[in-house]
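Structure assessment
So the chains spell out like this:
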Amino acid sequence: MRYEGKIYRPPSEARSLIVQATIGCSWNHCTYCDMYREKSFRVRNLDETLADIDEAGRELGPAVEKVFVADGDALVMDLEHWRAILTACRRVFPSLRRVSAYATAMNVNQKSGQELETLRELGLELLYIGPETGDDVTSKRIAKGATFADHAQAAAAARRAGIDLSAIFLLGAGGLERSAEHASESARLISEMDPRFVSALTLTIVPETPLATLSGRGKFELPSSEQMLGELRTMVSDAEPSDAVFRTNHASNYLPLAGRLPGDRERIVAVLDQALAGELPL
């Protein structure tokens, strides 16, 4: 496989074959993110991508059960690019169970319902979307490019097409100023999106990002670890998804948690309360 630049994937794709079908992120304005800043976005030449898939098929074949299509929001590709890639994956990986990709609400909302249904029929089963927050003020400040309503619309469209969503939220995204609003509105967005998977990451101020500049000028203050755990407690206690797998297993987090919401809500909240009381190490 040929890769250009740094490659990122969600924790749950650790055993997936990564196919780099796009380079960078088509949005690439989020103030906190440096993942794709060294790349200029483009859709990779389709023949190169298909050649990589064929090579992986010869080398790995039946060993590949999951494929993650990179980079930052590969759903932006048009239907015919996706059709060729998904068809090739099904052809060369006989044990393939799932194909997934990062996406944005804009990517989903730009696709028609028929296009999304076709993608699902071709094998695209899971999209990772990072609203980061449900608070529209925070979303605007971090230049997310989509609102609460945009994410709710995208989730509904994916659900109608039969595509599962993994929604990612970012503790600390509202800064100290909007910590409470960020937490409560994120819980409300989790309920509205009703994803199959929900995960929380913890904001880190990365050097040379716009957020780092704001922080250096005193215009953004990161909440303390205890305050961010408080945000997480609000999200867990207030969110009402139908039945979501919940994880905080990203390396950025202070406390790894796992369970289902709402089924394991009381247990998870109890663990968070222990941590907030200083009874668990972070």
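Residues numbered from 1 in each chain as written. Predicted model: local features only at pLDDT ≥ 70, side-chain atom pairs only at ≥ 80, totals over all residues. Heavy atoms only, no water.

**Focus on the overall build of the protein**
- Secondary structure assignment for the protein yields ten helices and ten strands.
- For a compact globule of 282 residues, the expected C-alpha radius of gyration is about 19 Å, and the protein comes in at 19 Å, within 12% of that figure.
- If one aligns the C-alpha atoms of the protein with their principal axes, the spans along those axes are about 55 × 40 × 35 Å.
- Across the 282 residues that make up the protein, the buried fraction comes to 51%.
- Accessible surface for the protein amounts to roughly 12600 Å². Of this, 48% is attributable to carbon and sulfur atoms. (Helix = DSSP H or I, 4+ residues; strand = E, 2+ residues; numbered from the N terminus. Rg over C-alpha atoms; globule rule 2.2 N^0.38 Å. Buried < 20%, exposed > 50% of the residue type's maximum accessible area, 1.4 Å probe, protein only. Areas by Shrake-Rupley, 256 points an atom, 1.4 Å probe, with all protein chains shown as cover.)

**Quick look at the sheet that holds strand E7 (residues 164-171)**
- The strand order E1-E4-E5-E6-E7-E8-E9-E10 describes an open sheet built from eight strands, whose pairing is mixed. The sheet is open, and its two edges are formed by strand E1 (17-20) and strand E10 (258-261), each paired on a single side. On average, adjacent strands in this sheet sit at an angle of 25° to one another, irrespective of strand direction.
- Strand direction decides the pairing type here: strand E6 (residues 124-132) and E7, joined by five bridges, are parallel. Along E7, the bridge assignment pairs leucine 126 with aspartate 164.
- Seen against the sheet, helix H9 (residues 225-238) touches E7, strand E8 (197-202), strand E9 (244-247) and E10 and runs at an angle of roughly 145° to E7. (Pairing = 2+ DSSP bridges. Axes fitted to C-alpha atoms, helices over the stretch in contact; angles between N-to-C directions. Contact = heavy atoms within 4.5 Å.)

**Side note on the nonpolar core**
- Formed by 64 residues in total, the largest nonpolar core has its most connected members in Val67, Val69, Trp82, Phe93, Val108 and Leu127.
- The element that contributes the greatest number of residues to this core is helix H2 (residues 79-92), accounting for seven residues.
- For leucine 127, the contacting residues outside a window of four places in its chain are Leu75, Ala101, Ala103, Val108, Ile163, Asp164, Leu165 and Ser166. (Core = buried A, V, L, I, M, F, W, Y, C linked by side-chain atoms within 4.5 Å.)

**Concerning the pattern of salt bridges**
- Counting across every chain of the model gives 18 salt bridges.
- With its nearest N and O atoms 3.3 Å apart, the salt bridge here joins glutamate 48 to arginine 44.
- Owing to a relative accessible area of 35%, glutamate 48 belongs among the partly exposed residues under this scheme.
- One salt bridge connects arginine 196 with aspartate 164, and the closest N-O pair in it is separated by 2.8 Å. Here aspartate 164 lies in strand E7 and arginine 196 lies in the loop between helix H7 (179-193) and E8, a separation of 32 residues in the sequence.
- Residue aspartate 164 is classed as partly exposed on the basis of its relative accessible area of 25%.
- Among the charged side chains, a network of salt bridges with common partners joins Arg2, Arg44, Glu48 and Asp52. (Salt bridge = Lys/Arg side-chain N within 4 Å of Asp/Glu carboxyl O.)

**Points about the packing of helix H1 (residues 46-59) against H2**
- It is at 9 Å that the axes of H1 and H2 come closest, and there the two elements cross at 10°. Between H1 and H2, the angle is such that the two are roughly parallel. Residue-level contacts link Leu46, Thr49, Leu50, Ile53, Asp54 and Gly57 of H1 to His81, Ala84, Ile85, Ala88, Cys89, Arg91 and Val92 of H2.
- For the contact of H1 with H2, the per-class residue count stands at eight nonpolar, three polar and two charged. (Parallel < 35°, antiparallel > 145°, perpendicular 65-115°, else oblique. Nonpolar A, V, L, I, M, F, W, Y, C, P; charged D, E, K, R; others polar.)

**Thoughts on the environment of glutamine 110**
- Tracing the backbone shows glutamine 110 in helix H3 (residues 105-110).
- Glutamine 110 sits 74 residues away from tyrosine 36 along the chain, and the two C-alpha atoms are 22 Å apart.

**Some details on the side chain of glutamate 231**
- Tracing the sequence through the fold places glutamate 231 in helix H9.
- Buried charged residue glutamate 231 carries no salt bridge. Nearest counter-charge: arginine 178, at 10 Å.
- Beyond its immediate sequence surroundings of up to four residues, glutamate 231 is in contact with Leu171, Gly172, Ser179, His182, Ala183 and Pro223. (Lys, Arg positive; Asp, Glu negative; His and termini not counted.)

**Here we look at the side chain of glutamine 20**
- Among the secondary structure elements, glutamine 20 is positioned in strand E1.
- Looking at glutamine 20, its side chain comes within polar contact range of the main-chain nitrogen of glutamate 4, at 2.7 Å.
- Excluding its chain neighbours within four sequence positions, the residues that come into contact with glutamine 20 are Arg2, Tyr3, Glu4, Ile7, Lys39, Arg44, Thr49, Ala70 and Asp71. (Polar contact = N/O pair within 3.5 Å; in protein donor to acceptor, adjacent residues only side chain to side chain.)

**Details of unusual backbone geometry**
- Between alanine 70 and aspartate 71 the backbone carries a cis peptide bond, its omega angle lying at 10°.
- You can see aspartate 71 is positioned in the loop between strand E4 (66-70) and H2.
- That bond from leucine 261 to proline 262 is cis: its omega, 10°, falls within 30 degrees of zero.
- Considering the arrangement of structural elements, one finds proline 262 in the loop between E10 and helix H10 (265-276).
- Backbone geometry places asparagine 28, a non-glycine residue, at a positive phi of 60°.

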